[in-house]
Amino acid sequence: MRKAITLSLLLLAAIIAGDLVARDKSVNGVYRPTLSTNPKKYLRDFPLGKIATEEIIQYVGSPDKNFSLNGSDFVTYNISPKQTSGVIEYTFEIRGGIVINVTYLNSGNFFGATQRESAKELQPR
């Protein structure tokens, strides 16, 4: 009997925890990346051409930087490692209110290499 109760409580805790995690992610799968986010997977899975600016602000948060260039708006989010001077950031390119590209930049990572990738380059065409 105790095993059944314990199993039921664990199952309930897992359901509640899963529900809490799901609230941090939009229906389209948009969420704020962290240091533990796999950048290639994030960029590959990001639904380009479907996400509005409002959804980015709601689920990723207020941008650390933003600017406009050649008809596109760019919003950048810094993901700060605690003990390095490098920069890790995701930049969302928005045209006509819709995200058309996401770029990942890691300069000064743990290996001293610079990595810059784009969702347009990683997604199948």
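The following refers to the structure shown. In this text the structure is predicted, and so the values were computed from the model without any measurement.

Turning to helix α3 (residues 53-60), a few remarks are in order. Within α3, burial applies to Glu55, Ile56 and Val60. Buried residues of α3, viewed axially, fall in a sector of 100 degrees; they line one side. Exposed positions of α3 whose direction lies more than 90 degrees from the buried face are Glu54 and Gln58. On its buried face, α3 is in contact with α2 (39-45), β2 (72-78), β3 (87-95) and β4 (98-107).

Turning next to the nonpolar core. Counting 19 residues, the largest nonpolar core has Tyr42, Phe46, Ile56, Phe92, Val99 and Val102 as the members making the most contacts within it. Counting only elements with at least two residues in this core, the list comes to α2, α3, β2, β3 and β4. Excluding its chain neighbours within four sequence positions, the residues that come into contact with phenylalanine 46 are Val30, Ile51, Ile56, Phe92, Val99, Val102 and Gln123.

Okay, the pairing of β2 next. Counted residue by residue, β2 has five buried out of seven residues, so it is predominantly covered. In the sheet, strand β1 (residues 65-69) pairs with β2 via five bridges, with the strands oriented antiparallel. Paired with phenylalanine 67 across the strands is phenylalanine 74, a residue of β2. Direction of pairing for β2 relative to β3: antiparallel, over a ladder of six bridges. Across the sheet, the residue bridging to phenylalanine 74 is glutamate 93, located in β3.

Let's shift gears to unusual backbone geometry. A negative phi angle characterises most non-glycine residues, just as the trans form characterises most peptide bonds. At asparagine 70, a position not held by glycine, the phi torsion is positive, near 50 degrees. Within the secondary structure, asparagine 70 sits in the loop between β1 and β2. Given the relative accessible area of 70%, asparagine 70 is considered exposed.

With that settled, consider the sheet that holds β1. The antiparallel open sheet is built from five strands, whose spatial order is β1-β2-β3-β4-β5. Either end of the sheet is taken by a strand with one partner, and the two such strands are β1 and β5 (115-118). Across the sheet, the axes of successive neighbouring strands diverge by a mean angle of 20 degrees, strand direction being ignored. Of the strands in this sheet, β2, β3 and β4 are in contact with α3, which crosses β2 at around 10 degrees.

Among the secondary structure elements, isoleucine 88 is positioned in strand β3. You can call isoleucine 88 buried: its relative accessible area is 12%. Here the alpha-carbon distance between isoleucine 88 and tyrosine 77, two residues 11 residues apart in the chain, equals 8.5 Å.

The next point concerns the packing of aromatic side chains. When we look at a pair of aromatic rings, we describe it by the centre distance and by the angle of the planes. For the structure on display, the rule yields seven aromatic pairs. Aromatic pair phenylalanine 67 and phenylalanine 74: ring centres 4.9 Å apart, planes at 15 degrees, arrangement stacked. On the basis of an interplanar angle of 85 degrees and a centroid distance of 5.7 Å, the ring pair of tyrosine 77 and phenylalanine 92 is categorised as edge-to-face. Of this pair, tyrosine 77 sits in strand β2 while phenylalanine 92 sits in strand β3; the two residues are 15 residues apart in sequence, bridging distant segments of the chain. Per residue, the accessibility class of tyrosine 77 equals that of phenylalanine 92, and both read buried. Taken together, the ring pairs connect Tyr31, Tyr42, Phe46, Tyr77, Tyr90, Phe92 and Tyr104 into an aromatic cluster.

Rules and cut-offs
Residues numbered from 1 in each chain as written. Predicted model: local features only at pLDDT ≥ 70, side-chain atom pairs only at ≥ 80, totals over all residues. Heavy atoms only, no water. Buried < 20%, exposed > 50% of the residue type's maximum accessible area, 1.4 Å probe, protein only. Helix = DSSP H or I, 4+ residues; strand = E, 2+ residues; numbered from the N terminus. Arc of directions from axis to C-beta. Contact = heavy atoms within 4.5 Å. Core = buried A, V, L, I, M, F, W, Y, C linked by side-chain atoms within 4.5 Å. Pairing = 2+ DSSP bridges. Axes fitted to C-alpha atoms, helices over the stretch in contact; angles between N-to-C directions. Phe/Tyr/Trp six-rings, centres within 6.5 Å; stacked < 30°, edge-to-face > 60°.

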